[in-house]
Structure formats: C-alpha cells, structure tokens
Amino acid sequence: MKKISIMIPCYNEVENVGPMSEAVVKIMTEELSQYDFELLFIDNCSQDGTRDKLEEICASNRKIKAIFNVTNFGQFNSPFYGMCQTTGDCTISMCCDFQDPVEMIPKFVKEWENGYRIVSGIKTSSRENGFIYFLRTVYYKMIKNMSSVKMIEHFTGFGLYDKSFITLISQLDDPIPFLRGIVAEYGFKRKDIAYEQAQRRAGKTSNNFYSLYDAAMLSITSYTKVGLRLATLLGFISSGISLVIALIYLILKLTHWDQFGAGYAPMVIGVFILGSLQLFFIGLLGEYILNINTRVMHRPLVVEEKRINFDED
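All of these numbers come straight from a predicted model, not from anything done at the bench. (Residues numbered from 1 in each chain as written. Predicted model: local features only at pLDDT ≥ 70, side-chain atom pairs only at ≥ 80, totals over all residues. Heavy atoms only, no water.)

**Student:** Residue-level account of unusual backbone geometry, with values.
**Tutor:** If you check the backbone angles, N12 has positive phi at about 55° while not being a glycine. Here N12 is to be found in the loop between strand 1 (3-10) and helix 1 (17-30). On the basis of relative accessibility, which here comes to 25%, the residue N12 falls in the partly exposed class. Of note in this structure, F98 is not a glycine but carries a positive phi near 70°. Looking at where F98 falls in the secondary structure, it is placed in the loop between strand 4 (90-93) and helix 4 (105-113). (Helix = DSSP H or I, 4+ residues; strand = E, 2+ residues; numbered from the N terminus. Buried < 20%, exposed > 50% of the residue type's maximum accessible area, 1.4 Å probe, protein only.)

Right, here's the structure in full:
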C-alpha cells in the first residue's frame, strides 16, 4: 500500500490546527482510503497554545505526528525541514490556515499516479487584498525575467512532491533553501493545477513587510545575477559621466569663466544622483554578502525540541 505524507507548517495557529487535522483525515479516509497516510505538523515555536492543541491531536491519532522547533527558524527553513522528515511515497505540503484548499489533495494524487513527480498548485486568483495580489504578480514576473531559472508564477510551495524529489532536497545541504526556486531549477516532470486562494479561516497572518522582503531578497540573491551586473554596468557609465563633467569644469575654471559660479547646480545634482546609486547598490551587494555569509556559517535548518508519534519510525 502506498503511503501519502501531508506536511503542514504552523506558527500561532491554535484555531486552525484542529479543523485542519480533521479535514485532512476526512479526505484521506473517505476519498483516498486505498492509501496509508501520515499527517505531520511542524511547529515553528508558537506562543498561542498551538503546541498544547497539537499534543491533544497527536494523542488521539497515531497517524498524526508533530515536530516542535526550539525557536522560530523562519518561513522557509521550517517547512523545508518538515518535508525532509516525511516517510511517504509522496509528500503534500500545504498551509495551516485553509488558504490552500484540502480539496486539492485528491487532484494532486491523481496526477501523481499519472506519472508526474511534482504537482504544483498555482494561484490564478485570490480573495486576499487586490493590491497585495497585484504586487505579488509584479514580483513573480520580475524574478522570472531576471533569473536564468524559469521561475513559476504564483507558486507558493503548495503541492505534491514525489519521494525522489524529497530524497534530492534532503541531500542538498542548503542552510537557506528556497523551495520555489529548487522546484523550477531541477526540472522534474511537473503538472500545474490552478486554484483560487481562499481567505484565511481564522487567526492573524504572520506575514508582514519584513517577511515578504526577506522572501524577495532570498529569491533575488539565490537565483539572479542581474543586480550585480546592473551595478557593474551603471558603475562604469556613472564613472565615465563623472570624468567628463570633471574635465569640463576643470577647463571652465582654467579659462576663468565669469559665470562659472552659477553653474554649480548640475554638479550638485550629479553628486546626489551618483550618491543615491552608490547607496542603492551597496545595499544590494550587502544582501548578496549576507546570503553568502549565512551559507558559510552553515547553521542547521532547524533545531528540534520535541517529536511526537515518531516511535514507530
């Protein structure tokens, strides 16, 4: 009997873990009863009682497992690590807030049985804030055009992954993995299925400007060279323009141009423009260096505090 793993990362989801576990178990027992399954929650150090609720859920069903992290390891490391701890013939990764519909699970499994190694859920529409969805669209298109890897638009990681892919990512040894880029990079036989992203069922999202910025910078510094190449190109152009302006002002000064004092405005504007370009690209270079520094330190993806219902394994 084939085994399906469902991996659900959570952080402060005390109102959602119970209904989510019930919904997944119902789908697996009623619509996919021909498969064995495990449901793994990986908790990223919740502070709202989520862990106590998970303890109760795991005690009532041995097929439901949990991993508790000692601290919050971020929105990428924790789910990536959770996927690597699954034991099924395939793994389905989904959010705990019901924005990833559980009704998609049978559709994913069907395509997996048709021979696809990865089945990706693609958001074609969303009930979230329209402006936020627009910004996400712009971001995805920008990354897709900047990267040599063909990035997948509106793919958040929600989908099914064959065991062969799970084995691959377990061997990558990457301390800051970006799953969306890895899926696009390694070219497994993939099927995309469209869905509408629902509204969060309960609770408050942990996403904010910093977390969204962190995601954008990770994708840019991991999968694009455009920023560095643009910095180099504009640096050459700016230095050339500066040299020309400096020579012109030197000549005017030597010829004792009477009105020279009135011509400082272009120079001042030029200094501000060049200075702003320098500051921007210094910041961008800093992001690349931070990415390199994190990889060189090579800290673990997560550190576990506790495991529940892994005794049989």
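What follows picks up the thread again.
**Student:** So what's going on with helix 2 (residues 50-60)? Residues and values would help.
**Tutor:** Considered for burial, the residues of helix 2 that qualify are T50, R51, L54, I57 and C58. The arc that holds the buried residues of helix 2, viewed along the axis, is 115°, so those residues lie on one side. For helix 2, the exposed residues lying more than 90 degrees away from the buried face are D52, E56, A59 and S60. Turning to helix 2, the residues buried within the fold contact strand 1, helix 1, strand 2 (36-43), strand 3 (64-69) and strand 8 (304-308). (Arc of directions from axis to C-beta. Contact = heavy atoms within 4.5 Å.)

**Student:** For the environment of D100, give the residues involved together with the corresponding values.
**Tutor:** On the secondary structure map, D100 appears in the loop between strand 4 and helix 4. We classify D100 as buried; its relative accessible area is 3%. Residues D100 and G159, 59 residues apart in the sequence, show an inter-C-alpha distance of 9.2 Å. From its side chain, D100 meets the backbone nitrogen of C95 in a polar contact 2.9 Å long. Engagement of the side chain of D100 in a polar contact is seen with the side chain of Y195, the distance being 3.4 Å. (Polar contact = N/O pair within 3.5 Å; in protein donor to acceptor, adjacent residues only side chain to side chain.)

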